[in-house]
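# An overview of the molecular structure
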Amino acid sequence: MEIRELERLAQLRRADAVTMIARAKTGHTGGCMSCLDVLVNLFYREMKEGDHFLLSKGHSVEGYWAILADKGYFPKSELKNFSAAGSPLIGHPNNKVNGVEMSTGALGHGLPVGVGMAIGEKRQGTDKRVFVVMGDGEQAEGSVWEAAMAGANYHLDNLFAIIDRNGLQISGSTEDVMALEDFAAKWRAFGWDVQEVDGNSQSELCDYFDQVKDNNKPHCLIMHTIKGKGLPFAENKAEWHHHVPSEEQLFEAYKALNVEGVEWA
């Protein structure tokens, strides 16, 4: 798929996600927007049949729901029911929804499960890969580093830990809450192949996945992103971790994303 098409798909899915949040009057705007480019790249370009995907930063689910609906896992009209009573489209991934392998919400669980999946695929002799998307605030969870140690120990070169490094979490800067730097060095010390890219650039994401090589190590992709990417009122603002856009801001978002609206709303 061409880079321009991926970029357009990311804008459309951002429009879906911000509409869901505004209509439901709940959601996690900032982190959803920052990681949406890699979700689009994975689901529309990189992942092959049988590959596994886990959204460990489960609070950024709105973009995930929008992509699954667009890919036909359930009708787009269901997005109207996001976070409504009785709807399976809750505020975190729910494995009762077609296309979701693991319910996530409590941070730090995705990578340990991903390690188990990667070991299972290795033992079965398949070429299936496991992609786990995490947040940078999530890196304060000890279970992440236990899984990192295990991934290297078992030489899981079919495992990708993809980290949304937007630098902000619910209570402020990651470096003020629980400093991560030198972040890449930490992952390399645990025995991972580490690369850093602009996580909001489809060009850099495509280049990474096209050039990454199996070298008997699991892969860590650190994506430098902008929290609230694409929404002028939310970019790089920690308070937009859990803010909900007003009706006026929703239409400001549509203008910034160069869309007229969404069909299902």
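For the structure, check the block above.
What counts, and at which threshold
Residues numbered from 1 in each chain as written. Predicted model: local features only at pLDDT ≥ 70, side-chain atom pairs only at ≥ 80, totals over all residues. Heavy atoms only, no water. Helix = DSSP H or I, 4+ residues; strand = E, 2+ residues; numbered from the N terminus. Rg over C-alpha atoms; globule rule 2.2 N^0.38 Å. Buried < 20%, exposed > 50% of the residue type's maximum accessible area, 1.4 Å probe, protein only. Contact = heavy atoms within 4.5 Å. Areas by Shrake-Rupley, 256 points an atom, 1.4 Å probe, with all protein chains shown as cover. Arc of directions from axis to C-beta. Salt bridge = Lys/Arg side-chain N within 4 Å of Asp/Glu carboxyl O. Phe/Tyr/Trp six-rings, centres within 6.5 Å; stacked < 30°, edge-to-face > 60°. Lys NZ or Arg CZ within 6 Å of the ring centre and 35° of its normal. Core = buried A, V, L, I, M, F, W, Y, C linked by side-chain atoms within 4.5 Å. Pairing = 2+ DSSP bridges. Axes fitted to C-alpha atoms, helices over the stretch in contact; angles between N-to-C directions.

We now examine the overall build of the chain. The helix and strand inventory of the chain stands at nine helices and seven strands. Taken against the 2.2 N^0.38 rule, which gives 18 Å for 265 residues, the C-alpha radius of gyration of the chain at 17 Å falls within 12% of a compact globule. Here the C-alpha coordinates of the chain stretch approximately 50 × 40 × 35 Å along the principal axes. Every one of the 265 residues in the chain was classed for burial, and the buried ones make up 55%. Residue pairs in contact within the chain that sit at least 24 positions apart in sequence constitute 75% of those at least 6 positions apart. For the chain, the exposed area adds up to about 11400 Å²; of that, 47% sits on carbon and sulfur atoms.

With an omega of 0°, the peptide bond between Glu181 and Asp182 qualifies as cis. A positive phi angle, near 60°, is found at Lys25, a position not held by glycine. Here Lys25 shows up in the loop between α1 (3-24) and α2 (29-46).

For the rest of this paragraph, the subject is helix α9 (residues 247-257). Restricting attention to buried positions, one finds in α9 the residues Leu250, Ala253, Tyr254 and Leu257. Seen along its axis, α9 keeps its buried residues to an arc of 100°; they face one direction. Facing away from the buried side of α9, by more than 90 degrees, are the exposed residues Glu248 and Lys255. Contacts made by the buried residues of α9 are with α1. Asn258 occupies a position one or two residues after α9 and carries a positive phi of about 60°.

Further remarks concern the environment of Leu54. With respect to the element layout, Leu54 can be found in strand β1 (residues 52-55). Leu54 sits in the buried class, given a relative accessible area of 1%. As a C-alpha pair, Leu54 and Val130 span 76 residues in sequence and 7.9 Å in three-dimensional space. Other than its neighbours up to four places away in sequence, Leu54 contacts Glu101, Met102, Gly110, Val113, Gly114, Met117, Phe131, Val132 and Val133.

So, on to the pattern of salt bridges. As enumerated under the stated definition, the model contains 14 salt bridges in all. The partner of Glu46 in a salt bridge is Arg45, and the shortest N-O contact between them spans 3.9 Å. The residue Asp136 makes a salt bridge to Arg165 at a minimum N-O spacing of 3.1 Å. Here Asp136 is found in the loop between β2 (130-135) and α5 (142-153), whereas its partner Arg165 is found in strand β3 (residues 159-165), with 29 residues between them in sequence. Grouping residues by exposure puts Asp136 and Arg165 together as buried. Salt bridges sharing common partners tie together Arg45, Glu46, Asp51, Arg129 and Asp210.

Let us now look at the packing of aromatic side chains. For the coordinates displayed, the defined rule picks out 14 aromatic pairs. Considering the side-chain rings of Trp65 and Phe74, the 6.3 Å spacing of their centres and the 75° angle between planes classify their relative orientation as edge-to-face. Taken together, the aromatic side chains of Phe43, Phe53, Tyr64, Trp65 and Phe74 make up a single cluster linked through ring pairs. The cationic tip of Arg165 hangs over the ring face of Phe183; the distance from NZ or CZ to the ring centre is 5.5 Å.

Glancing now at the nonpolar core. If you look at the biggest cluster of nonpolar residues, it comprises 55 residues, and the most contacted ones within it are Leu39, Leu42, Phe43, Phe53, Tyr64, Trp65 and Ile162. Counting residues per element, this core draws most heavily on α2, at ten residues. If we ignore the near neighbours within four places in the chain, the residues touching Tyr64 are Leu39, Phe43, Phe53, Leu55, Pro93, Gly99 and Val100.

With parallel pairing, the five strands of this open sheet are ordered in space as β1-β2-β3-β7-β6. Both edges of this open sheet fall to β1 and β6 (193-198), since each of them pairs with a single strand only. Taking each pair of neighbouring strands and ignoring which way they run, the sheet shows an average axis angle of 20°. Two strands pair when backbone bridges link them, and β2 and β3 are joined in this way by six bridges, in the parallel orientation. Its bridge partner being in β3, Val130 is matched across the sheet by Leu159.

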